[in-house]
Amino acid sequence: MTKSTGITWAAASARRLERQFLARRARTGTSVADVAAAMLGVHAQVLSAAELSVGLRADGVTRTDVRDALWPTAPLAPPAPAPALVKTHGPRGTVHLLPARDLPMWCAALPAIPAGPAAFPTDVRLTGEQAGQVVAAIADALDGTFLTVDELGEEVVARTGPWAGDLVMPAFQTMWPRWRQVLHRAGQCGALSFGPNRGRRVTYTRPPRFTPLPPEEASRLLVRRYLYAYGPATPQHFARWLAAPPGWAKARYAELAAAGEIEEVRFEGAPAWVAAGDTAFPDAPERDELLRGVRLLPYFDAYVVAAQPRELLFAGAAYRRALAGGQAGNFPVLLVDGVAAGVWHQRRRGRRTTVTVEPLARLTARQERELADCVERVGAVLEAAAELVIGEVTVGAHA
């Protein structure tokens, strides 16, 4: 490692890959919560993708290990074990797996982000007082139980009033009740998390009790942890990752810089920031060794969403093929030597899955062997026998 204030894309990528357990997988025995913490949350809109994001970073981890961390099997005698992971609404309001131990930070920092323009007209929106009542009702209704969304709705209306159940929200050719517009807010403030499915139906529960950090402390801690995982990064990068107003992100950086908690460096010739003192980056040949290799990352993997500048990660043809309107994550990505170099898709049938990989350039024989190993690992994580097909991916984004 070399201390530097003039940082190249290659050096930054090598350090990010190492800290993300993508250069070297976490050793056997590393908890799934430790892996999720290093990623700053695991995108879990599609649970199988989240299971892959974790399992591809840790030796020996399978989808069962991830689910056991989320919903541990109750012992014969109480008390029930506390989950190590919580599935809830995280960054960008989307569903994530978050370490339970990090909820005091997340559930103070996320509600402190200024809200954007109202998504619904006045006659549909909840007032601030009503929103608070609904979130409190959700927390109370879910304490110690698992409820479907319809069951939860009945409990919310019973605790608040019929206004909460008014069918006023257009959604998927139907109308949802008014209370559901703050479902993600309930998740972000610690009132709600996801339980295991009941057949095909989603269930919700209340996460383990915790005391949130003071909002300002939580926001500053989140910036520092983001920079440790994905720095160097600008306030604009942080805002994009978090779906926060750029002005708000810039103010948080300014506060931390004034307090000496972050410092400015030159990254690809432009100003960016790292956590104070965290200026050591790998140089050659360590840098090249960390970058070298073939990797498969699933939908909305934290690395492809958070690593910036995106045009350097998705260079050339990859920007057109592996992004959807500039948005990362809509396609599972093939990384070759640290940059996006193709897309892939897996189709499961029972205990078997076919992994089709579309490289954007011809792979060497060594790279094809590494790719076969990656596909075998995908199968191991998903507890399926995996078959590799190299060819065109014909499904669209987020298929």
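Going by the structure above, here's the rest.
Since this is a predicted model, take the numbers as computed values, not measurements.

## Section: the overall build of the chain
Consideration 1: In terms of helices and strands, the chain carries 16 helices and 18 strands.
Consideration 2: For 399 residues, the compact-globule estimate of 2.2 N^0.38 gives 21 Å, and the chain sits close to it at 22 Å.
Consideration 3: The principal-axis extent of the C-alpha atoms belonging to the chain is close to 65 × 55 × 45 Å.
Consideration 4: The buried share of the chain, reckoned over its 399 residues, is 51%.
Consideration 5: Summarising the internal contacts of the chain: among those between residues at least 6 apart in sequence, 65% fall at separations of at least 24.
Consideration 6: As displayed, the chain has an accessible area near 17700 Å², and 53% of this comes from carbon and sulfur atoms.
Consideration 7: Counting 45 positive and 39 negative side-chain charges, the chain places the centres of these two groups 2 Å from one another.

## Describing unusual backbone geometry
Negative phi is the rule for most residues except glycine; trans is the rule for most peptide bonds.
Consideration 1: Cis rather than trans, the peptide bond between A284 and P285 has omega equal to 5°.
Consideration 2: Between Q308 and the following residue, P309, the backbone shows a cis peptide bond with an omega angle of 0°.
Consideration 3: By secondary structure assignment, the location of P309 is in the loop between α13 (302–306) and α14 (310–313).
Consideration 4: The phi dihedral of R92 falls on the positive side, at around 65°, and the residue is not glycine.
Consideration 5: Owing to a relative accessible area of 26%, R92 belongs among the partly exposed residues under this scheme.
Consideration 6: One non-glycine residue, E383, lies in positive phi territory at about 55°.
Consideration 7: The topology assignment puts E383 in the loop between α16 (365–382) and β18 (385–390).
Consideration 8: The exposure class assigned to E383 is partly exposed, which follows from its relative accessible area of 27%.

## Quick notes on the layout of surface pockets
Consideration 1: As a volume, the largest pocket reaches approximately 820 Å³.
Consideration 2: Taken together, 28 residues make up the lining of the largest pocket; nearest its centre are A115, G116, H184, R185 and Q188.
Consideration 3: Secondary structure elements with two or more residues in the lining of the largest pocket: α6 (128–142) and α8 (183–188).
Consideration 4: In terms of residue count, the dominant contributor to the lining of the largest pocket is α8 (three residues).
Consideration 5: Tallied by class, the residues present in the lining of the largest pocket amount to 18 nonpolar, seven polar and three charged.

## Describing helix α11 (residues 246–258)
Consideration 1: In this model α11 runs 18 Å from its N-terminal to its C-terminal C-alpha over 13 residues, within 8% of the 18 Å that 1.5 Å per residue would give.
Consideration 2: For α11, the complete set of buried residues consists of W248, A249, R252, Y253 and L256. Projected onto a plane normal to the axis of α11, the buried residues spread over an arc of 140° and lie on a single side. In α11, those exposed residues whose orientation departs by more than 90 degrees from the buried face are P246, G247, K250 and A258.
Consideration 3: On its buried side, α11 packs onto α9 (215–230), α10 (235–242), β11 (262–267) and β12 (270–275).
Consideration 4: Once α11 ends, the next one or two residues include G260, with phi positive near 75°.

## What about the packing of aromatic side chains?
Each aromatic ring pair is described using two quantities: the centre-to-centre distance and the angle formed by the ring planes.
Consideration 1: Counted under the stated rule, the structure contains 10 aromatic pairs.
Consideration 2: Pairing Y253 with W273 gives two aromatic rings, centres 5.8 Å apart and planes at 85°, and the pair type is edge-to-face. Highlighted residues: Y253 in helix α11 and W273 in strand β12, separated in sequence by 20 residues.
Consideration 3: Note on Y253: relative accessible area 2%, which makes it buried.
Consideration 4: Grouping aromatic residues by their ring pairs yields a cluster made of W106, Y226, Y230, F238, W241, W248, Y253 and W273.

About the thresholds
- Throughout this document, residue positions are counted from 1 along each chain, in the order its sequence is written.
- Side-chain atom pairs in this predicted model are given and counted only at pLDDT of 80 or more, local residue features only at pLDDT of at least 70, and totals for whole chains, interfaces and linings cover all residues.
- Only hydrogens and water are set aside when side-chain values are computed; all heavy atoms of the structure are taken into account.
- The way it works is that DSSP assigns letters per residue, a run of H or I at least four long becomes a helix, a run of E at least two long becomes a strand, and they are numbered from the N terminus.
- Here the globule rule is a power law, 2.2 Å times the number of residues to the power 0.38, and the radius of gyration is based on C-alpha atoms.
- Burial classification: accessible surface area is computed with a 1.4 Å probe over protein chains only, and a residue below 20% of its type maximum counts as buried, one above 50% as exposed, and the rest as partly exposed.
- Only heavy atoms matter for contacts: two residues are in contact if any of them lie within 4.5 Å across the pair.
- For the area figures, the Shrake-Rupley method with a 1.4 Å probe applies, and any residue is considered shielded solely by the protein chains shown.
- Here the positive residues are Lys and Arg and the negative ones are Asp and Glu; neither His nor the chain ends is included.
- A charged residue contributes its charge at one atom only: NZ of Lys, CZ of Arg, CG of Asp or CD of Glu.
- Put simply, the grid is 1 Å and covers the protein atoms alone, a cavity is a trapped set of points that fit a 1.4 Å probe, a pocket is an open set with protein on both sides within 12 Å along at least five of seven lines, and lining residues have an atom within 4 Å of a point.
- Grid points are joined across faces, edges and corners, and a volume is the space filled by probe spheres set on the points.
- Note on residue classes: Ala, Val, Leu, Ile, Met, Phe, Trp, Tyr, Cys and Pro are nonpolar, Asp, Glu, Lys and Arg are charged, and everything else, Gly too, is polar.
- Any helix carries an expected span of 1.5 Å times its number of residues minus one.
- By definition, the arc is the one covered by directions from the helix axis to the C-beta atoms.
- Here a pair means two rings of Phe, Tyr or Trp (six-membered ring of Trp) with centres within 6.5 Å. Their orientation is stacked below 30 degrees between planes, edge-to-face above 60, and tilted elsewhere.

As far as function goes, none of this settles anything; it's purely spatial.
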